[in-house]
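Close look at the chain arrangement
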Amino acid sequence: MGHITPAQMPPSTRPTSRSIAGLGLPEKWAMILPYAPFYIGVVVSLLELFLVPRSEPRVRFHAAQGLSLYVAILIVQTLFGVVEAVTDSGIGGTLFGLVSTIFLFVSMARVWKGKPHHIAPLAEPTEWFNEKIQPRTKS
């Protein structure tokens, strides 16, 4: 269908500095920015999925996985918010926020170094985002 699955990704290929079609950014930045913390990654992921053609499967994979990761983080943060409202204790949400921010930085570092970075529980939503968000076509 034109999208890449984790099994099709090269096992350990360091991102290059070649320019990515649709963005004009070097590949290495296009692949790590979807994991940027503080919701920067959400914006970048969406932009990349809408702008990057399917001929750039590695970039689209990381954009879709970054978006999936953020959706999962938002769901868990919402659950911790409900728990905080009921129990009047926000320690769980605070700890989760810290751990998720650290995980985002670790994700960026892994991709930058060219290490495989596939978050297995997010495989289905990653594939769904990659498949459903169509890149714009040039007129």
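Quick note: structure is the one above.
I will try to describe carefully the structure that is included in this document. (Residues numbered from 1 in each chain as written. Predicted model: local features only at pLDDT ≥ 70, side-chain atom pairs only at ≥ 80, totals over all residues. Heavy atoms only, no water.)

1. Points about the overall build of the protein chain
Helix and strand content of the protein chain: five helices and zero strands. Starting at the N terminus, the α and β elements of the protein chain follow one another as α-α-α-α-α. Intrachain contacts of the protein chain at a sequence separation of at least 6 include 71% that bridge at least 24 residues. (Helix = DSSP H or I, 4+ residues; strand = E, 2+ residues; numbered from the N terminus. Contact = heavy atoms within 4.5 Å.)

2. What to know about the environment of Pro-34
For Pro-34, the location among the structural elements is in the loop between helix 1 (27-32) and helix 2 (40-51). For Pro-34, a relative accessible area of 0% corresponds to the buried category. Taking the C-alpha atoms as reference, Pro-34 lies 8.6 Å from Leu-46; in sequence the two are 12 residues apart. Ignoring any residue separated from it by four or fewer positions in sequence, one finds Pro-34 in contact with Gly-41, Val-44, Ser-45, Glu-48, His-62, Ala-63, Gly-66 and Tyr-70. (Buried < 20%, exposed > 50% of the residue type's maximum accessible area, 1.4 Å probe, protein only.)

3. What about the packing of aromatic side chains?
Evaluated as defined, the whole model comprises four aromatic pairs. Plain terms: the ring middles of Tyr-39 and Tyr-70 are 5.9 Å apart, the flat faces sit at 40° to each other, and that makes the pair tilted. Here the residue Tyr-39 occupies a position in the loop between helix 1 and helix 2, and Tyr-70 occupies one in helix 3 (residues 57-87), the gap between them amounting to 31 residues. For Tyr-70, a relative accessible area of 3% translates into the label buried. (Phe/Tyr/Trp six-rings, centres within 6.5 Å; stacked < 30°, edge-to-face > 60°.)

4. Overview of helix 4 (residues 91-112)
Given 3.6 residues per turn, any residue in an α-helix points the same way as the ones three and four places further on. An ideal rise of 1.5 Å per residue puts 32 Å on 22 residues; helix 4 measures up with 32 Å between its terminal C-alpha atoms. All buried positions along helix 4 are accounted for by Gly-97, Ser-100, Leu-104, Ser-107, Met-108 and Val-111. Looking straight down helix 4, one finds its buried side chains confined to an arc of 95°; they lie on one side. Facing away from the buried surface of helix 4 by more than 90 degrees, the exposed residues are Ile-91, Thr-94, Leu-98 and Val-99. Summarising the contacts, the buried residues of helix 4 are in contact with helix 1 and helix 3. Just downstream of helix 4 lies Gly-114, where phi reads positive at about 85°. (Expected span 1.5 Å × (residues − 1). Arc of directions from axis to C-beta.)

5. Concerning the nonpolar core
Residues Leu-49, Val-59, Leu-67, Leu-69 and Phe-129 are the most contacted members of the largest nonpolar core, which totals 23 residues. Tallying contributions element by element places helix 3 first for this core, with seven residues. If we ignore the near neighbours within four places in the chain, the residues touching Phe-129 are Leu-49, Ala-64, Leu-67, Ser-68 and Val-71. (Core = buried A, V, L, I, M, F, W, Y, C linked by side-chain atoms within 4.5 Å.)

6. Observations regarding the packing of helix 3 against helix 5 (residues 123-132)
As a packed pair, helix 3 and helix 5 sit with axes 8 Å apart at the nearest point and diverge in direction by 120°. Taken together, the axes of helix 3 and helix 5 lie oblique to each other. Seen along the crossing, helix 3 lies across helix 5 with a hand that is right-handed. Residues Arg-60, Phe-61, Ala-64, Gln-65, Leu-67, Ser-68 and Val-71 of helix 3 form the contact with helix 5, whose participating residues are Pro-125, Thr-126, Phe-129 and Asn-130. Of the residues contributing to the contact of helix 3 with helix 5, the split by class is six nonpolar, four polar and one charged. (Axes fitted to C-alpha atoms, helices over the stretch in contact; angles between N-to-C directions. Parallel < 35°, antiparallel > 145°, perpendicular 65-115°, else oblique. Left-handed = near helix turned anticlockwise from the far one by under 90°. Nonpolar A, V, L, I, M, F, W, Y, C, P; charged D, E, K, R; others polar.)

Take it as geometry only, folks, not as evidence of what the structure does.
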